[in-house]
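# Descriptive analysis of the structure
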Amino acid sequence: LQFAILNTLAGMCPLYDPTAILPHEYVEAFEKFIESGRQISQDGRDLVSCLEDIIQEDDRSMCFHIEVCLLSLLDFNQQLGTLLVHYPDYILGFLSTALMNVQKKLFEQSPYLGSVKPIVSVRLKGASLLGDSVNKTCISSLRSADAGRLILVRGTVVRTGPVKLLECARVYQCTKCKFKFKIQADLDLQNPSISTPTVCRSTDAKTCKSNSFTCFENERETRDYQEVKIQEQVDSLNTGTIPRSVTVILEYDLVDFCQPGHQVEVTGILRRRWKTLVSPVRADLNMVLEAKNISILNSVEFSIARTIQSDKDQEFFENFWLDARESVLDKKMTIINSLCPQIFGMHKAKLAILLALVGGVSCKETNSVAVRGEIHCLLVGDPGLTLLG
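Residues numbered from 1 in each chain as written. Predicted model: local features only at pLDDT ≥ 70, side-chain atom pairs only at ≥ 80, totals over all residues. Heavy atoms only, no water.

### Some words on the overall build of the protein chain
- Helix and strand content of the protein chain: 10 helices and 12 strands.
- Burial status across the protein chain gives 34% buried among its 389 residues.
- Partitioning the intrachain contacts of the protein chain with sequence separation of at least 6 by distance along the chain shows that 66% fall at a separation of at least 24.
- In the form shown here, the protein chain has an accessible surface area of approximately 23,800 Å², with 54% of it arising from carbon and sulfur atoms. (Helix = DSSP H or I, 4+ residues; strand = E, 2+ residues; numbered from the N terminus. Buried < 20%, exposed > 50% of the residue type's maximum accessible area, 1.4 Å probe, protein only. Contact = heavy atoms within 4.5 Å. Areas by Shrake-Rupley, 256 points an atom, 1.4 Å probe, with all protein chains shown as cover.)

In structure tokens form, the structure reads like this:
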């Protein structure tokens, strides 16, 4: 079954029509998946237990998240999981509605738990096992055919933008017929904004020709927003290939999740975004990735977990320093010469690169100023001196 699922996801053309299923059927199917207990986290909790913990929180204005494993969803319902991969914009809304309905059920059963939280975002994980159509080897492999689909890319964060407050929806009311409607921001633009409506959106628009509206300031919908840029990892490229980069959009609790220098694995929806329209310049667009989950690959926990791969590696490491035939200085030179052995000499440059790779220990000074443990390394020289070797 798993082999058939992976083969289904590896194809570019989905086998199912998303409009063949009614919206309420999507919601009911996701509710059954959440309540089935099919997905178990590393600490032994299912999705219902995670929702109970969210309900017990006091602050209703916070953004909470819940992790959904794509493999568990595919094992539960192959059609539902495949549609989520190929049509995430259309399907994720039903999953969010199902999470809200399950919250309400839990709250009705035990009102003393807390309160229903209005903002619970979905974090998708497990996309690295879903074939080449989802798991991209590098950023250069992204194509326009991938737009609107769920993909996974890896890269290094090279720039982080400031955290902004994005106004995504605004509520208006017609002063004539008192019809209340919501206008969403156009997120396909580089600088999304909400324009004042020019006509009433009521079903009786033919009779109501009013162009006067009242904006409800207390019903504006806002979210935290940040843009970061990730670049391809050099070790995944061929010789002479220029590393490409892509802009990643972070929202809600993913804001400030990563910093420059972090190697990340991003699962998200690839989108086309129009640049700012300026007359008479030709309209242009670029590709951005709306993140649905981020994992930091070079975090402290991840690095410690893979520092010593086996007992044999640990034994080799200890014997290397206990060997009395070489001095400590000779051992350090052996390590330096082991870095890029195809480049002769340049011991100082290699030592600087090693110190940057190994890093240090972050600390706080007496005035509570954080001092980072990693350093930057800049190599300057004439062309042909293997600076990019």
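### Quick notes on a nonpolar patch on the surface
- Together, F317, W321, V328 and I335 make up a nonpolar patch on the protein surface, roughly 380 Å² of accessible area in all.
- Within the residue set of the nonpolar patch, elements represented by two or more residues are helix 8 (311–322) and helix 9 (328–338).
- By the secondary structure assignment, W321 is in helix 8.
- We classify W321 as partly exposed; its relative accessible area is 36%. (Patch = residues over 30% accessible without salt bridge, like charges linked within 9 Å, V, L, I, M, F, W, Y side chains within 5 Å. Salt bridge = Lys/Arg side-chain N within 4 Å of Asp/Glu carboxyl O.)

### Observations regarding the packing of helix 2 (residues 23–36) against helix 3 (residues 47–56)
- Where helix 2 meets helix 3, the closest approach of the two axes is 6 Å, and the angle between their N-to-C directions is 90°. Taken together, the axes of helix 2 and helix 3 lie roughly perpendicular to each other. Only L47, V48 and L51 of helix 3 make contact with helix 2, whose side of the interface consists of F33, I34 and E35.
- A breakdown of the residues in the contact of helix 2 with helix 3 according to their chemical character gives 5 nonpolar, no polar and 1 charged. (Axes fitted to C-alpha atoms, helices over the stretch in contact; angles between N-to-C directions. Parallel < 35°, antiparallel > 145°, perpendicular 65-115°, else oblique. Nonpolar A, V, L, I, M, F, W, Y, C, P; charged D, E, K, R; others polar.)

### Considering the side chain of E232
- Examined against the element boundaries, E232 turns out to sit in the loop between strand 7 (221–231) and strand 8 (245–251).
- Summary of buried charges: E232 has no salt-bridge partner, and the nearest side chain of opposite charge, R244, is 5.7 Å away.
- Within the structure, E232 has its side chain in polar contact with the backbone nitrogen of I139 (distance 3.0 Å). (Lys, Arg positive; Asp, Glu negative; His and termini not counted. Polar contact = N/O pair within 3.5 Å; in protein donor to acceptor, adjacent residues only side chain to side chain.)

### Thoughts on the nonpolar core
- With 41 residues, the main nonpolar core has F30, I34, L51 and L124 as its most contacted residues.
- Elements that contribute at least two residues to this core include exactly helix 2, helix 3, strand 1 (64–69), helix 4 (70–76), helix 5 (78–86), helix 6 (88–109), strand 2 (120–125) and strand 3 (150–160).
- When near neighbours in sequence (up to four residues on either side) are disregarded, F30 contacts L73, L80, I91, F94, L95 and A98. (Core = buried A, V, L, I, M, F, W, Y, C linked by side-chain atoms within 4.5 Å.)

### Some thoughts on the pairing of strand 8
- Along strand 8, 6 of the 7 residues are buried, which leaves the element largely enclosed by surrounding structure.
- Bridge count for strand 7 against strand 8 is 7 bridges, and the pairing is antiparallel. Bridged to I230 within strand 8 is V246.
- In this sheet, strand 10 (residues 285–296) lies alongside strand 8 in parallel orientation, the contact comprising 3 bridges. Bridged to I249 within strand 10 is E290. (Pairing = 2+ DSSP bridges.)

### Some details on the confidence of the model for the protein chain
- Across the protein chain, the average pLDDT comes to 78, with 86% of residues at or above 70.
- For the protein chain, helix 1 (residues 2–10) is the element with the lowest average pLDDT, namely 48, and strand 8 is the one with the highest, namely 88.
- Considering only residues more than four positions removed or in separate chains, one finds that residues 3–13, a stretch of pLDDT under 50, has 22 contacts. (pLDDT = per-residue confidence, 0-100.)

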